[in-house]
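# Coordinate inspection notes
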Amino acid sequence: MESFSGESFSLSNSNYFVLLFVRPIAAVLFSLSVLFLGWFLAWKLVLVHVPLVQEIFRLREKPIKPKPADRRKLTRFYNRINAQLNATLNE
C-alpha cells in the first residue's frame, strides 16, 4: 500500500477557489433545484386537487349564496320581548 505521509500536497489558488466557493454554491443550487422540482411535481400531481389548497389559493370560486330575506330572527325575537317588557312596566 502506498503511504502519503512523505508526500506533500499543495493546492493552487484555483483549487482553493473551487474548494471554498464553487462546490458549496453548486451544492446549494443542486439542493434548491431538487426541492423546487419536488414541490412542482407535488403541486401539479396532488396539491391542486385538494379542496383545502384550492380554497386557500383561490383556485376555485365559491358560489355566492344570497342572504335569506328572513334573517335576523333572533334580533326581532329579542326586540319583541323587550317591547312586551317595556309595555308591562309602563302600565
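About the thresholds
Residues numbered from 1 in each chain as written. Predicted model: local features only at pLDDT ≥ 70, side-chain atom pairs only at ≥ 80, totals over all residues. Heavy atoms only, no water. Phe/Tyr/Trp six-rings, centres within 6.5 Å; stacked < 30°, edge-to-face > 60°. Helix = DSSP H or I, 4+ residues; strand = E, 2+ residues; numbered from the N terminus. Buried < 20%, exposed > 50% of the residue type's maximum accessible area, 1.4 Å probe, protein only. pLDDT = per-residue confidence, 0-100. Expected span 1.5 Å × (residues − 1). Bend = angle between axes of the 7 residues up to and from the residue.

### Some thoughts on the packing of aromatic side chains
Under the counting rule described, the total for this entry stands at 5 aromatic pairs. On the numbers, 6.4 Å between centres and 25 degrees between planes, the contact of Phe36 with Phe40 is stacked. You can see Phe36 and its partner Phe40 sitting in helix H1 (residues 13-45), 4 residues apart, about one turn around the helix. Exposure remark for Phe36: the relative accessible area of 57% places this residue in the exposed category. One aromatic cluster is present, formed by Trp39, Trp43 and Phe57 through successive ring pairs.

### Overview of the confidence of the model for the protein
Taken as a whole, the protein shows an average pLDDT of 82; of its residues, 85% reach a score of 70 or greater. Between the elements of the protein, mean pLDDT differs from a low of 82, seen in helix H3 (residues 73-90), to a high of 91, seen in H1.

### Some remarks on H1
Over its 33 residues, H1 extends 47 Å from the first C-alpha to the last, a length consistent with the 48 Å expected when each residue adds 1.5 Å. Of all bends in H1, the biggest is about 35 degrees, found at Leu19.

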